[in-house]
Amino acid sequence: MTVQKLETQVLTLNAVDKAKLISILTQTLTNGSLGIKKTPGVCGGDACIGNTRIPVWSLVCDRRLGASDAIILE
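Residues numbered from 1 in each chain as written. Predicted model: local features only at pLDDT ≥ 70, side-chain atom pairs only at ≥ 80, totals over all residues. Heavy atoms only, no water.

1. Observations concerning the overall build of the chain
Of regular secondary structure, the chain possesses four helices and two strands. Put simply, the chain runs from its N terminus to its C terminus through helices and strands in the order α-α-β-β-α-α. C-alpha extents for the chain along the principal axes are approximately 40 × 25 × 20 Å. Looking at the chain alone, contacts between residues at least 24 apart form 15% of all its contacts between residues at least 6 apart. Total accessible area on the chain is roughly 5800 Å²; 60% of this is exposed by carbon and sulfur atoms. Across the chain, 8 positive and 6 negative side-chain charges occur, with their mean positions spaced 6 Å apart. (Helix = DSSP H or I, 4+ residues; strand = E, 2+ residues; numbered from the N terminus. Contact = heavy atoms within 4.5 Å. Areas by Shrake-Rupley, 256 points an atom, 1.4 Å probe, with all protein chains shown as cover. Lys, Arg positive; Asp, Glu negative; His and termini not counted. Charge placed at Lys NZ, Arg CZ, Asp CG, Glu CD.)

Now the structure itself:
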């Protein structure tokens, strides 16, 4: 399957299925172990989901505002 065909199929997925796909891809890229890391100079040194610029505090705020897993992953 080509990337173009895959992209076409991904665009037809609903939000929940896209979130599941993101989770699967993330696990395969990181062997399932993202961890939480602090890197000087990245996001002001705040704790982030491993090797990303997604700060943990942002996910906590999303959850407090009532965001579901699917919405957060999207």
